Amino acid sequence: MENLVPEVLQGSIRAMAKLITLVENEDSRSLEFLGAIYPHTGKAHVLGITGSPGTGKSTLTDKITAVLRQRNQTVGIIAVDPSSPFTGGALLGDRIRMQRAFGDPDVFIRSMATRGNLGGLARSTTDVIKIMDAFGKDWIIVETVGVGQDEVDIVKAADTTVVVLAPGLGDTIQSMKAGVMEIADLYVINKADRSGADALVTEVRIRVEQDAQIKARPWQTPVLKTVAVEDQGTESLVEAVDHHRKFLEESGKLKKVRWEKTRQETLSLLKEEISRNVLEKILGNGRFDDLIDDIIANRKDPYTSVKEIVETLFSDE
Amino acid sequence: MTAKKRIKVIMAKPGLDGHDRGAKLLARVFAEAGMEVVYTGLRQTPEMIVEAALQEDADVVGLSSLSGVHNYFFPRVVELLKEKGLDNVLVVGGGIIPDEDVPGLKDAGVAAIFGPGTRTEDIVKFVEENIPNT
Ligand code: B12
Ligand SMILES: Nc1nc2c(ncn2[C@@H]2O[C@H](COP(=O)(O)OP(=O)(O)OP(=O)(O)O)[C@@H](O)[C@H]2O)c(=O)[nH]1
Ligand SMILES: [Mg+2]
């Protein structure tokens, strides 16, 4: 396989699509390719769209994209849906609601299955963001799986996180107390054409006020209403995202957040690399399976054994 | 190729045909066989289908037609795939397709046609055995 990176940087859609597949598959060459991609990243604004199943995330993504396209901004979309824990297969249906974005050469949509990852994204979603960023997309919109409470990986991936709620889906604060209600830079109450929308708006506004009373925050989370299917409120939504982006830049928070993200990412790469190398060494000679036999037979215990393994490992060197 | 590779399928309904039971069924069948299936929904032009295949780096494009438009749409999809350099994508079709149309569709590059009553296991088996190794 040829090196896809130069082609991606030159704007080849085919090369980008193939590179994303390699990264999703954790192909042995993907780290090398991502290394070459990295210097070209950091320009795009990453917008996360999260919320319960069926609240209108895909429909909103499509309309937001339309607003950005009117401004001549290029857009990459990553739409994540769950893989079945039983078969490993996945039905990726977000594209159905993204018909408008479809057919525009400056919009690239990629559906991703979670492949067992639990935080609302696929393991490789952050890497796919980098690929689209290096390709030159001005905006990258990431739609998470329909989340419950604690699938909050999106905050680690996005610069601005939009939490979408809708009336009539049991989306009350009570049902969303943990996790998801703590990550919003912006709340959107979608399906405002339905009854119960105003009550939900009030409920969320009260929550935001409480948040401010509990702890002073430099950013006050706006609560917006939209009717995505009728394209109502999407302009204002994009303007609110602009405000947040400006806030991030002017307050210096963007720099801080990106520093922290880079630290996290590098640390987890390091952990993976260490465990891969070390485990290869430990599992390579078959003695590990003998140890398991010993543990089962009560000749040894796992706690002491693990310490011993690590000690011998370092005394070797 | 790595162990983590999964077969990626685009399931599409070309044209204005509103019969989507077969396409939805097949999307589930492929997903339950462990594949990752992008269902693009109704009323797709060949251009839209091929663009989805390009962006998603699909291995398979599945076309479902029950309204008699297959002779135009299926070959057109194959042709556009070739134009985009996606020669390796396996194109399969199904729905209400008269026997006499099948040879022509195969000549045009559709790998196989499956009509009503086909056992879904056979469809899965065909796809698994015929996807190109990349
Ligand atoms: C249910 C049905 C409807 C439903 C559709 C509901 C829906 N959302 O799908 C309704 C009532 C809405 C409907 C409407 C119409 N229908 Co109708 N309908 C049928 C009927 C009875 C069954 C189709 C069906 O769902 N089968 C079940 C599914 C699971 O089977 P399947 O799609 O064939 O899929 C199997 C295989 O074909 C294959 N397969 C299918 N797709 C794919 C794709 C791939 C990639 C692969 C590998 C395999 C594969 O695998 C499946 C499993 O074996 C058929 C008659 C029939 N026996 O087929 C007529 C039929 C398809 N309808 C017909 C007609 C004419 C119409 C109308 C125009 C009627 C009218 N005058 O209003 C409208 C048009 C609607 C529209 N907008 O397009 C005709 C089409 C004639 C033609 N092709 O020349 C048929 C054949 C009836 C007839 N004998 O006249 N219809
Ligand atoms: N009444 C109403 N329906 C809407 C609105 N926005 C979206 N919908 C509908 O709600 C359903 C779900 O919309 P999607 O955009 O697929 O929602 P989603 O959050 O992406 O769903 P998942 O990805 O499955 O979690 C669709 O039938 C939409 O047409 C809205 O503003 N009002
Ligand atoms: Mg969706």
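Residues numbered from 1 in each chain as written. Chains lettered and ligands numbered in written order. Predicted model: local features only at pLDDT ≥ 70, side-chain atom pairs only at ≥ 80, totals over all residues. Heavy atoms only, no water.

Draft legend 1. Region of the structure containing the coordination of the cobalt atom of ligand 1. Looking at the cobalt atom of ligand 1, one finds just one donor atom contributed by the protein, His19 of chain B (NE2), at 2.1 Å. Turning to its location among the elements, His19 of chain B is positioned in the loop between strand E1 (8-12) and helix H1 (21-32). (Donors = N, O, S within 2.8 Å, 3.2 Å for Na, K, Ca; no water. Helix = DSSP H or I, 4+ residues; strand = E, 2+ residues; numbered from the N terminus.)

Draft legend 2. Examining the packing of helix H10 (residues 287-296) of chain A against helix H11 (residues 302-315) of chain A more closely. Residues and elements named next belong to chain A. Taken N-terminus to C-terminus, the directions of H10 and H11 make an angle of 155 degrees; their axes are 10 Å apart at the nearest point. Relative to H11, H10 is oriented roughly antiparallel. The two elements H10 and H11 meet at a crossing, and its hand is right-handed. Facing H10, whose interface residues are Phe288, Leu291 and Ile295, H11 presents Pro302, Ser305 and Ile309. Each residue belonging to the contact of H10 with H11 can be placed in one class, and the counts come to five nonpolar, one polar and no charged. (Axes fitted to C-alpha atoms, helices over the stretch in contact; angles between N-to-C directions. Parallel < 35°, antiparallel > 145°, perpendicular 65-115°, else oblique. Left-handed = near helix turned anticlockwise from the far one by under 90°. Contact = heavy atoms within 4.5 Å. Nonpolar A, V, L, I, M, F, W, Y, C, P; charged D, E, K, R; others polar.)

Draft legend 3. Structural view of the domain arrangement of chain A. In terms of domains, chain A is made up of domain 1 (41-251) and domain 2 (266-313). When each unit is reduced to the centre of its C-alpha atoms, the spacing between domain 1 of chain A and domain 2 of chain A is 41 Å. (Domains from an automatic or database assignment.)

Draft legend 4. Expanded view of the pattern of salt bridges. This model, assessed by the stated rule, comprises 29 salt bridges over all chains. Here Arg110 of chain A ties to Glu24 of chain A by a salt bridge, and the two come within 3.1 Å at their closest N and O atoms. On the criterion of sequence distance, the pair formed by Arg110 of chain A in strand E4 (residues 107-113) and Glu24 of chain A in helix H2 (residues 13-24) is long-range, its members being 86 residues apart. For the pair formed by Arg110 of chain A and Glu24 of chain A, the shared burial category is buried. Residue Glu32 of chain B is joined to Arg28 of chain B by a salt bridge in which the shortest nitrogen-to-oxygen separation is 2.8 Å. On the criterion of helical spacing, the pair formed by Glu32 of chain B and Arg28 of chain B is a turn pair, its members being four residues apart in helix H1. Residue class for Glu32 of chain B comes out partly exposed when judged on its relative accessible area of 49%. Judged by its relative accessible area of 49%, Arg28 of chain B is partly exposed. In this structure, a network of salt bridges that share partners links the residues Glu24, Arg95 and Arg110 of chain A together with Lys8 and Glu56 of chain B. (Salt bridge = Lys/Arg side-chain N within 4 Å of Asp/Glu carboxyl O. Buried < 20%, exposed > 50% of the residue type's maximum accessible area, 1.4 Å probe, protein only.)

Draft legend 5. Region of the structure containing the environment of Met132 of chain A. All names here are of chain A. You can see Met132 is positioned in helix H5 (residues 125-135). Relative accessible area serves as the criterion here: at 0%, Met132 is assigned to the buried category. Sequence spacing of Met132 and Lys253 is 121 residues, and the spatial spacing of their C-alpha atoms is 23 Å. Contact partners of Met132, with chain neighbours within four places excluded, come to Met16, Ile20, Gly76, Ile77, Ile78, Phe108, Arg110, Lys137 and Ile140.

Draft legend 6. Structural context of the coordination of the magnesium ion (ligand 3). Residues and elements named next belong to chain A. Around the magnesium ion (ligand 3), the donor atoms from the protein are Ser58 (OG), Asp94 (OD) and Glu143 (OE), and they sit 2.1 to 2.2 Å away. Donor residues for the magnesium ion (ligand 3), ordered by position in the chain, follow S-x35-D-x48-E. Taken together, the positions of Ser58 in helix H4 (residues 57-70) and Glu143 in strand E5 (residues 139-143) put the pair 85 residues apart, joining distant regions of the chain. One exposure class covers both Ser58 and Glu143, and it is buried.

Draft legend 7. A look at the site of ligand 2. All names here are of chain A. Taken together, 18 residues form the shell around ligand 2, and within it Lys57, Ser58, Thr59, Asp193 and Ala228 come nearest. Within the side chain of Lys57, an N or O atom sits 2.8 Å from an oxygen atom of ligand 2. Considering ligand 2 on its own, with 660 Å² of exposed area, one finds that the protein chains cover 77% of that surface. Applying the majority rule of atoms within 2 Å of the grid points places ligand 2 in the second largest pocket. Residue contributions to the shell around ligand 2 peak at three residues, all from H4. Of the residues assigned to the shell around ligand 2, the class counts are four nonpolar, seven polar and seven charged. (Near = heavy atom within 4 Å. Polar contact = N/O pair within 3.5 Å; in protein donor to acceptor, adjacent residues only side chain to side chain. Areas by Shrake-Rupley, 256 points an atom, 1.4 Å probe, with all protein chains shown as cover. 1 Å grid on protein atoms, 1.4 Å probe; cavity = no way out; pocket = protein on both sides within 12 Å on 5 of 7 lines; lining within 4 Å. Sits in = over half its atoms within 2 Å of the grid points.)

Draft legend 8. Layout of the sheet that holds strand E4 (residues 90-95) of chain B. A sheet is described by the order of its strands in space; here six strands give the open sequence E3(A)-E2(B)-E1(B)-E3(B)-E4(B)-E5(B), paired in parallel fashion. Where the open sheet ends on each side, the last strands, each with one partner, are strand E3 (90-92) of chain A together with strand E5 (112-114) of chain B. Between one strand axis and the next, the sheet turns through 20 degrees on average, direction left out of account. (Pairing = 2+ DSSP bridges.)

Draft legend 9. Region of interest: the pairing of strand E6 (residues 160-165) of chain A. Residues and elements named next belong to chain A. Judged by how many residues are buried, E6 sits mostly within the fold: six of six residues are covered. Neither face of E6 is left uncovered, since the one carrying Thr160, Val162 and Val164 and the one carrying Thr161, Val163 and Leu165 both have all their residues buried. Relative to E6, strand E1 (residues 45-51) runs parallel, the two sharing five bridges. From the neighbouring strand, Leu47 faces E6, where its bridge partner is Thr160. Pairing geometry for E6 and strand E7 (residues 186-189), over four bridges, is parallel. Across the sheet, the residue bridging to Leu165 is Ile189, located in E7.

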